[in-house]
Amino acid sequence: MGILEKISEIEKEIARTQKNKATEYHLGLLKAKLAKYRSQLLEPSKKGGEKGEGFDVLKSGDARVALIGFPSVGKSTLLSTLTHTHSEAASYEFTTLTCIPGVIEYRGANIQLLDLPGIIEGAAQGKGRGRQVIAVARTADLVLMMLDATKPYVHRQLLEKELESVGIRLNKNKPNIYFKVKKGGGLSFNSTCQLTKVDEKMVQMILHEYKIFNAEVLFREDCSADDLIDVILANRVYLPCIYVYNKIDQISIQEVDRIAREPHSVVVSCNMKLNLDYLLEILWEYLSLIRVYTKKPGQPPDFDEGLILRKGVSIEHVCHSIHRSLAAQLKYALVWGTSTKYSPQRVGVSHVVHDEDVVQLIKK
């Protein structure tokens, strides 16, 4: 029996098992087996042979956004509209057969947008070049999931399921579980809160499935068996995701209003260029980008060439983005902007900068 057959068997068994107190250990074990087989499926085979053609696109710009969706939802039209890159768009499916990169120039930042071929159901198992598409999505900073507003909601669930099965977690935080494999001493299990979804016996069964008999596990929040499996495998990617509903010009205004109010959702029309400016604003917000301007002593700030950084960075990161040896030579920095109590404020390397702050670096 191949891996795909084993996965299919376990999925069927999970579907037909009733969820109650008596079956929770059995279900936890099945989920652990399923995750194990799925991770084996993603690993390249050890046997030599002809290499498959991947989508090896060089990472460039300040952030990378992967455009994912079913065929003919308007991904290529969106890329051609937002960037200076032309991606072939036609009324038939599978117009795009490889990865086409484009660059969005917004607020002084260069955001790399990757138009990936349309995903079909079963992409995680390698159907329709799905594995290459999903491998590129894992390297992105944000997933832009393109959906057709005229199609049923099940399309979004199918795409989420395909990404979930290969370890891409959308709009989720990493489970707060401390896990460390030891050489001896058995299982040390503890929690800082009341656990309602797992207990020590289930944790032990899941670890035994991965042939781990000596480990330290500490739950800092009420996590499920799935969260524990994610922590054990340690190959999960947690990405922010924006659901972009295209073709809103073909549905009623009440339906547009309903979709627009859903969390993480943006409604657009690529053909009529509706709401694309709002999409760029949300994109900027989800990527957590900020602009920091520099200033030379006795001169006005340089507002043409800002530094594009991530939210929460300190003066040390500002120094590194200019030159890696600068942080060691820094005496102090003068900062103008919303991150200070008064302008200019004299700060050290640990000071956290905000969007549109002006920084003057003073060397020793």
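The name recorded for the chain in an unreviewed UniProt entry is Developmentally-regulated GTP-binding protein 2, from Papilio machaon.

(A) Here's a closer look at helix H9 (residues 276–286). Residues of H9 that are buried include every one of Leu276, Leu279, Leu280, Ile282, Leu283 and Trp284, and no others. In the segment just after H9, Ser288 is the residue with positive phi, at about 55°.

(B) Focus on the sheet that holds strand S13 (residues 307–310). The strand order S13-S12-S16-S14-S15 describes an open sheet built from five strands, whose pairing is mixed. Every interior strand has two partners, whereas the edge strands, S13 and strand S15 (345–347), have only one. Ignoring strand direction, the axes of neighbouring strands in this sheet form an average angle of 35°. Here six bridges tie strand S14 (residues 330–336) to strand S16 (residues 357–363), and the two strands are oriented antiparallel to one another. Across the sheet, Leu330 pairs through a bridge with Lys363, a residue of S16. Of the strands in this sheet, strand S12 (289–294), S13, S14, S15 and S16 are in contact with helix H10 (residues 315–322), which crosses S13 at around 135°.

(C) Region of the structure containing the nonpolar core. Leu78, Leu144, Leu279 and Leu283 are the most contacted members of the largest nonpolar core, which totals 58 residues. If we skip the residues at most four places from it in the chain, Leu283 touches Val65, Ile104, Leu142, Leu144 and Ile242. Membership of the second largest hydrophobic core comes to 25 residues, among which are Tyr210, Val217, Ile229 and Val231.

(D) Spatial organisation of the pairing of S16. Most of S16 sits inside the fold, with five of its seven residues counted as buried. The sheet contact formed by S12 and S16 spans three bridges and is parallel. Paired with Tyr293 across the two strands is Val358, which belongs to S16.

(E) Expanded view of the environment of Met205. Of note, Met205 is situated in helix H6 (residues 200–209). Exposure remark for Met205: the relative accessible area of 24% places this residue in the partly exposed category. Counting along the chain gives 179 residues from Met205 to His26, while the straight-line C-alpha distance between them is 9.4 Å. Discounting residues that sit within four places of it in the chain, Met205 has contacts with Tyr25 and Leu29.

(F) Expanded view of the packing of helix H3 (residues 75–82) against H9. With their axes 12 Å apart at the nearest point, H3 and H9 run at an angle of 85° to one another. Considering the angle they form, H3 stands roughly perpendicular to H9. Residue-level inspection shows Leu78, Thr81 and Leu82 of H3 in contact with H9, the latter providing Leu276, Leu279 and Leu280. In the contact of H3 with H9, the residues fall into five nonpolar, one polar and no charged.

(G) Structural view of the packing of aromatic side chains. For the structure on display, the rule yields three aromatic pairs. Both rings, one in Tyr106 and one in Trp284, keep their centres 6.0 Å apart while their planes meet at 70°; by these two values the pair is edge-to-face. One end of the pair, Tyr106, is in strand S2 (residues 100–106); the other, Trp284, is in helix H9, and 178 residues separate them in sequence. With respect to class, Tyr106 is no different from Trp284; both count as buried.

(H) View of the packing of H6 against helix H7 (residues 225–233). Closest axis-to-axis distance for the H6/H7 pair is 11 Å, and the angle between their directions is 40°. One element, H6, and the other, H7, form an angle in the oblique class. The interaxial crossing formed by H6 with H7 has right-handed handedness. Of H7, the residues touching H6 (which contributes Met202, Val203, Ile206 and Leu207) are Ala225, Leu228, Ile229 and Ile232. A class-by-class count of the residues in the contact of H6 with H7 yields eight nonpolar, no polar and no charged.

Analysis parameters
Residues numbered from 1 in each chain as written. Predicted model: local features only at pLDDT ≥ 70, side-chain atom pairs only at ≥ 80, totals over all residues. Heavy atoms only, no water. Buried < 20%, exposed > 50% of the residue type's maximum accessible area, 1.4 Å probe, protein only. Helix = DSSP H or I, 4+ residues; strand = E, 2+ residues; numbered from the N terminus. Pairing = 2+ DSSP bridges. Axes fitted to C-alpha atoms, helices over the stretch in contact; angles between N-to-C directions. Contact = heavy atoms within 4.5 Å. Core = buried A, V, L, I, M, F, W, Y, C linked by side-chain atoms within 4.5 Å. Parallel < 35°, antiparallel > 145°, perpendicular 65-115°, else oblique. Nonpolar A, V, L, I, M, F, W, Y, C, P; charged D, E, K, R; others polar. Phe/Tyr/Trp six-rings, centres within 6.5 Å; stacked < 30°, edge-to-face > 60°. Left-handed = near helix turned anticlockwise from the far one by under 90°.

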